Amino acid sequence: MLAMLLLISPEIYAGHDYRDALRKSILFFEGQRSGKVPPDQRLKWRRDSALRDGSSAGVDLTGGYYDAGDNVKFGFPMAFTTTMMSWSVIDFGKTMGPELENAVKAIKWGTDYLMKATQIPDVVFVQVGDAYSDHNCWERPEDMDTLRTVYKIDKDHPGSEVAGETAAALAAASIVFEKRDPIYSKMLLDRATRVFAFAQKYRGAYSDSLYQAVCPFYCDFNGYEDELLWGAAWLHKASKKRVYREFIVKNQVILRAGDTIHEFGWDNKHAGINVLVSKMVLMGKADYFQSFKQNADEFICSLLPGISHPQVQYSQGGLLVKSGGSNMQHVTSLSFLLLTYSNYLSHANKVVPCGEFTASPALLRQVAKRQVDYILGDNPMKMSYMVGYGSRFPQKIHHRGSSVPSVVDHPDRIGCKDGSRYFFSNNPNPNLLIGAVVGGPNITDDFPDSRPYFQLTEPTTYINAPLLGLLGYFSAHY
């Protein structure tokens, strides 16, 4: 009975072109590029920006991604984005077809920057740009004249969460490049090893060390313990070294592997750790990780409609909803884990026990697919929440580069406050940020397409990153 309830949606919708959605979801990352855009840039309205990043600190920190609709480079979510793009390619790259090459390019744009940010031993540059200065302006990145202050963590100002996530990103990406570019892969893994050692040796939260700069934007509310386990898990997967396995086993209780298992995102890695590590258990190779599989099973049960944890709700239209802003970040990251775990279970011929109910791999996939279909248009608003996909999608997203006329159409500079009229305009954004998935609706299923509602209309890189894997899989199987 419950299994049936999970799959029922209020209306019957037409199928989706998941391949087209995948292509566009990867293209979005080209619109978020910072630095010198390459000759093969496909979103032509974006041009070079922030070419002096890092100069105030005597280092080259050009490149990388703007995280959302502003022009700051936040290292914590950028690293998580890179980790999730890499995991998408590792698990679902074979189903991405011709888009695999573009996905790998998107990963490398992230890792090239993270390599620059970790070039000095026992130092990680974790942010470029003063968020308060940036948010005081509405200007395209090509005109940016706000403060490009450089922030770092080091031995005296630790930041184990951002260092641990950076190590995870570099380690995960090293797997992506293992056969494509062995030399680059080794560089990534060597650097991941060094950064993780720094994160572990000099423990502390960057939210304490750099509170004024990173809070409340990407403040670490969840502690740094999960990122240490997360980094170790990816290093173990990439290097196969026993030292990381021993670190995970020894520290799983101390670092609280079982905490807040119904959440996964840039700040909280617990559910991701449990799903990632469980693969080895399900393959019959790591009984010493059995507790992680138990945690992963509990996590899966906490998401299922009808039996979900109180902090996980479903709207009338079928959308997974968690409290806080930018709900789609939870939708894509949690759906990614549902799909990933369903594949691990399928290969092991296992199911998830949820009390009196049993969840099959097929059921997990259906729940994940229902969320993706909601994003693409199967919802009460009958609109896609991915820009450029479908006939109806958000037109006035909270994004500086998209909403201000491009340098192609308006070569003259548009200053800090001069862009405000575009922010308050009722006209659609002049530049389509194709593939951008906005924060989206919440429990009401309503969506006001308006820039000031930034928690609903702002896209982020970490919304799209898990979507690459989801769309890759569904494009090949549906």
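As a starting point, this report considers the structure included with it.

Rules used throughout
- Residues numbered from 1 in each chain as written.
- Predicted model: local features only at pLDDT ≥ 70, side-chain atom pairs only at ≥ 80, totals over all residues.
- Heavy atoms only, no water.
- Helix = DSSP H or I, 4+ residues; strand = E, 2+ residues; numbered from the N terminus.
- Rg over C-alpha atoms; globule rule 2.2 N^0.38 Å.
- Buried < 20%, exposed > 50% of the residue type's maximum accessible area, 1.4 Å probe, protein only.
- Contact = heavy atoms within 4.5 Å.
- Core = buried A, V, L, I, M, F, W, Y, C linked by side-chain atoms within 4.5 Å.
- Axes fitted to C-alpha atoms, helices over the stretch in contact; angles between N-to-C directions.
- Parallel < 35°, antiparallel > 145°, perpendicular 65-115°, else oblique.
- Left-handed = near helix turned anticlockwise from the far one by under 90°.

Brief notes about the overall build of the protein
Working step 1: Within the protein, the secondary structure is distributed over 19 helices and 7 strands.
Working step 2: Scaling as 2.2 N^0.38, a compact globule of 478 residues should have a C-alpha radius of gyration of about 23 Å, and the protein matches this with 21 Å.
Working step 3: Taking the principal axes of the C-alpha coordinates as reference, the protein spans close to 65 × 55 × 40 Å.
Working step 4: Of all 478 residues assigned to the protein, the portion counted as buried reaches 64%.
Working step 5: Summarising the internal contacts of the protein: among those between residues at least 6 apart in sequence, 74% fall at separations of at least 24.

Things to note about the environment of glutamate 178
Working step 1: Residue position: glutamate 178 is located in the loop between helix H6 (160-176) and helix H7 (182-201).
Working step 2: Residue class for glutamate 178 comes out partly exposed when judged on its relative accessible area of 46%.
Working step 3: Linking glutamate 178 and leucine 188, residues 10 residues apart in sequence, is a C-alpha distance of 9.8 Å.

Quick word on the nonpolar core
Working step 1: Formed by 153 residues in total, the largest nonpolar core has its most connected members in Trp87 and Tyr341.
Working step 2: The residues touching tryptophan 87, leaving out its near neighbours within four places in the chain, are Phe92, Trp230, Trp234, Phe264, Gly272, Val275, Leu276, Phe336, Leu337, Thr340 and Tyr344.
Working step 3: Core analysis: the second largest hydrophobic core is formed by 5 residues, Val404, Ile414, Tyr422 and Phe423 among them.

Re the packing of helix H3 (residues 75-92) against H6
Working step 1: Put simply, H3 and H6 touch, their axes get as near as 8 Å, and they point 25 degrees apart. Taken together, H3 and H6 sit at an angle that is classed as roughly parallel. Crossing of H3 over H6 shows left-handed handedness. The segment H3 lies against H6, with Gly75, Phe76, Ala79, Phe80, Thr82, Thr83, Ser86, Val89 and Ile90 engaging Glu161, Val162, Glu165, Thr166, Ala168, Ala169, Ala172, Ala173, Ile175 and Val176.

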